[in-house]
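# Chain and residue survey
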Amino acid sequence: MKALCWQGVNELSVERVPDPEILNAQDAIVRVIATTTCGSDLHLLGGYIPAMRAGDVIGHEFLGEVVEVGPEVRRHKVGDRVVVCSIIGCGRCWQCQHDMWSLCENSNPKSGLTDELWGGSTAGIFGYSHAMGGFRGSHAEYARVPFVDYGAFSVPDGVDDISAMFTSDSAPTGWMGADLGGVKPGDVVAVWGCGAVGQMAARAAMLLGAERVIAIDRFPERLAMTSRHVGAEVIDYTTTDVTAELRERTGGRGPDVCIEAVGMEAHSPGVEYRFEKAKQQLRIELDRPFAVREAIFACRKGGSVFILGVFAGAVDKFPLGAMMNKGLTVRGAQQHGHRYIPMLLDRVARGELVTSYLATHEMSLDDAPLGYDLFKNKKDGCVRAVFRPGM
Ligand SMILES: NC(=O)c1ccc[n+]([C@@H]2O[C@H](COP(=O)([O-])OP(=O)(O)OC[C@H]3O[C@@H](n4cnc5c(N)ncnc54)[C@H](O)[C@@H]3O)[C@@H](O)[C@H]2O)c1
Ligand SMILES: [Zn+2]
Ligand SMILES: [Zn+2]
């Protein structure tokens, strides 16, 4: 089959790789119908996620058709149209049973790599390095889906492929930020980053009853999209002091909940951007946390900050004093998609959550390297490039 392979920093190519096979009784093989780029893939491209190997198939947000099932698969059959969660959960361990699927104790066979780094590992993740299990990703014609009874969700008739595909990763990630960030009716919520994840977090905050949602980015087309499709207020961080602006718009108090949807390759208009980028490239610092710092600084006293953006290691100048003295709750996680996907599919079916507009570009799998160029460099208004292996 054809697949998009990571070959080294900023190097991708479409290659022929062996077709996947059922390895365990609870696996299924899914023919990929649609799969999309994600900000998390940019961290792989940039070489900031450890344990990638040349030839690894990337991609983790996808929808497809079940074409083969293992002997112990109960909830799915050949022909089902399913959205597959980007995170792999076994469904039976303590973490999965407590709905914390991205912390699954069984799905990452290479957990030792991150146990060493973090004192604990994440679940397996499709196409996301050997540190997250070394699973082949979804930018391919077929994917092996382990624990498919738990990780794949049948898509209701009437919900189109692209709308459903975004409930694999971006929509549940955004929802988790608002949900575990503790958004309550009447809250003011600020969201850093207007990629698909930030826009989904902003929409989730609204659906959870936030009175006002303020989204922050620098790309005019992304800001316009967030204001048009999500109904959020927006701030261009290159033209204004974000913290002062948020104070101004919240009667001096600051947002109740701050959601960071930017991650380790954050940008900053200040001169410190050059220093931190150089430090990261030299591996003197592993992540550039501009948006995290700003969120902690801007948050109202006693408020909560949820970090959706992916970070890998240690950061400099973490505002621990602000966090402690202002009584903040700071959390983060890889997404617990299994917890939210059925509810999100219902909301998509009812038209409460619109996701399809995020797919600004659609192309065949052969054109995936071009899609990543558009997405990484935010060219031509690209928010997400969607690949259709059957095209
Ligand atoms: N926790 C999870 O499970 C999970 C799941 C999916 C994605 N992610 C992470 O979420 C983050 C966003 O993903 P995406 O697909 O939306 O990526 P994206 O690259 O499309 O969007 C990131 C946005 O952040 C903006 N940005 C950069 N610096 C900023 C700053 N200082 N302040 C405000 N905005 C800034 C960029 O302009 C860009 O629009 C990534 O780090 C990704 O790895 C996490
Ligand atoms: Zn993702
Ligand atoms: Zn588990």
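Rules of the game
- Residues numbered from 1 in each chain as written.
- Chains lettered and ligands numbered in written order.
- Predicted model: local features only at pLDDT ≥ 70, side-chain atom pairs only at ≥ 80, totals over all residues.
- Heavy atoms only, no water.
- Donors = N, O, S within 2.8 Å, 3.2 Å for Na, K, Ca; no water.
- Helix = DSSP H or I, 4+ residues; strand = E, 2+ residues; numbered from the N terminus.
- Buried < 20%, exposed > 50% of the residue type's maximum accessible area, 1.4 Å probe, protein only.
- Domains from an automatic or database assignment.
- Contact = heavy atoms within 4.5 Å.
- Buried area = accessible area lost by both parts, 1.4 Å probe.
- Salt bridge = Lys/Arg side-chain N within 4 Å of Asp/Glu carboxyl O.
- Pairing = 2+ DSSP bridges.
- Tetrahedral: all angles 85-135°; square planar, octahedral: opposite > 155°, others 65-115°.
- Core = buried A, V, L, I, M, F, W, Y, C linked by side-chain atoms within 4.5 Å.
- Near = heavy atom within 4 Å.
- Polar contact = N/O pair within 3.5 Å; in protein donor to acceptor, adjacent residues only side chain to side chain.
- Areas by Shrake-Rupley, 256 points an atom, 1.4 Å probe, with all protein chains shown as cover.
- Right-handed = clockwise from strand over helix to strand, strands pointing away.
- Axes fitted to C-alpha atoms, helices over the stretch in contact; angles between N-to-C directions.
- Parallel < 35°, antiparallel > 145°, perpendicular 65-115°, else oblique.
- Left-handed = near helix turned anticlockwise from the far one by under 90°.
- Expected span 1.5 Å × (residues − 1).
- Phe/Tyr/Trp six-rings, centres within 6.5 Å; stacked < 30°, edge-to-face > 60°.

### Examining the coordination of the zinc ion (ligand 2)
- Distances from the zinc ion (ligand 2) to its protein donors, C38 (SG), H60 (NE2) and D169 (OD), fall within 2.0 to 2.3 Å.
- All donors of the zinc ion (ligand 2) come from a single chain, and their spacing in sequence reads C-x21-H-x108-D. Here the residue C38 occupies a position in the loop between β3 (28–36) and α1 (39–45), and D169 occupies one in the loop between α5 (161–165) and α6 (170–180), the gap between them amounting to 131 residues. This pair shows no difference in class: C38 is buried, exactly as D169 is.

### Re the domain arrangement of the protein
- What the domain assignment lists for the protein is domain 1 (2–169 + 335–388) and domain 2 (170–332).
- Distance from the C-alpha centre of domain 1 to the C-alpha centre of domain 2: 25 Å.
- The interface is formed by 36 residues belonging to domain 1 together with 30 residues belonging to domain 2.
- Looking at the side of domain 1 facing domain 2, the largest losses of area belong to Y48, Y340 and Y357, adding up to 27% of the total buried there.
- Taken together, the links from domain 1 to domain 2 amount to zero salt bridges.

### Looking at the sheet that holds strand β1 (residues 2–8)
- Pairing within the open sheet is antiparallel, and its three strands lie in the order β2-β1-β4. Of all strands in the sheet, those with a lone pairing partner are β2 (11–16) and β4 (56–57), marking the two edges.
- The pairing of β1 with β2 spans six bridges and is classified as antiparallel. The residue bridging C5 from the neighbouring strand is S13, located in β2.

### So, the coordination of the zinc ion (ligand 3)
- The coordination sphere of the zinc ion (ligand 3), as far as protein atoms go, consists of C90 (SG), C93 (SG), C96 (SG) and C104 (SG), spread over 2.3 to 2.4 Å.
- One can describe the donor arrangement at the zinc ion (ligand 3) as tetrahedral, given that its four donor atoms subtend angles of 103 to 120 degrees at the metal.
- Binding-site remark: the zinc ion (ligand 3) is held by donors from one chain whose sequence spacing is C-x2-C-x2-C-x7-C. The same class applies to C93 as to C96, namely buried.

### Re the nonpolar core
- In terms of nonpolar packing, the biggest core is built from 101 residues, with I58, F62, V189, V213, I259 and Y372 touching the most fellow members.
- With seven residues, helix α7 (residues 196–207) is the largest single contributor of residues to this core.
- Both domains that meet at this core, namely domain 1 (2–169 + 335–388) and domain 2 (170–332), each give it at least three residues.
- If we skip the residues at most four places from it in the chain, F62 touches V30, V32, A34, T35, V83, V84, F126, S138, A143, V145, M165 and S168.

### Looking at the site of ligand 1
- The environment of ligand 1 is made up of 31 residues, and the closest members are S40, D217, H267, Q335 and K378.
- Take G39: an N or O atom from its main chain is 2.8 Å from an oxygen atom of ligand 1.
- For ligand 1, whose accessible area on its own is 870 Å², the fraction buried by protein is 95%.
- Elements that contribute at least two residues to the shell around ligand 1 include exactly α1, α7 and β12 (212–217).
- By residue number, the principal contributor to the shell around ligand 1 is α1, which donates four residues.

### Quick look at the pairing of strand β11 (residues 188–192)
- For β11, the buried fraction is high: five of the five residues fall into the buried class.
- The two faces of β11 match: V188, A190 and W192 on one face and V189 and V191 on the other face are all buried.
- Taken together, the five bridges between β11 and β12 define a ladder with parallel strand orientation. In the strand pairing of β12, V188 is matched with R212.
- Note that the unit made of β11, α7 and β12 has a crossover that is right-handed.

### Some points on the packing of α6 against α7
- One can describe the packing of α6 onto α7 by two numbers: an axis separation of 7 Å at closest approach and a directional angle of 50 degrees. As the angle between them shows, α6 and α7 are arranged oblique. In this structure, α6 meets α7 at a crossing whose hand is right-handed. Packed against α6, whose contacting residues are S170, A171, T173, G174, W175 and A178, the element α7 presents A196, V197, M200, A201, A204, A205 and L207 at the interface.

### Concerning α7
- Here α7 spans 16 Å end to end across 12 residues, near enough to the 16 Å set by a 1.5 Å rise per residue.
- In terms of residue burial, α7 counts as a mostly covered element, since nine of its 12 residues are buried.
- Among all positions in α7, only A196, V197, G198, Q199, M200, A201, A202, A204 and A205 are buried.
- Residue G209 follows α7 closely and has a positive phi angle near 105 degrees.

### Some details on the packing of aromatic side chains
- Under the criterion given, the structure shown has four aromatic pairs.
- Each ring, one from F62 and one from F126, has its centre 5.3 Å from the other, and the planes form 85 degrees; the classification is edge-to-face. Placement of the pair is F62 in strand β5 (residues 61–69) and F126 in the loop between β8 (124–125) and β9 (142–145), with a sequence separation of 64 residues. You'll find F62 and F126 in the same group, each marked buried.
- Consider the rings of Y273 and F290, whose centres lie 6.1 Å apart with planes at 50 degrees: the pair is tilted. With Y273 in helix α10 (residues 272–281) and F290 in helix α11 (residues 290–298), this pair connects stretches of sequence that are 17 residues apart.

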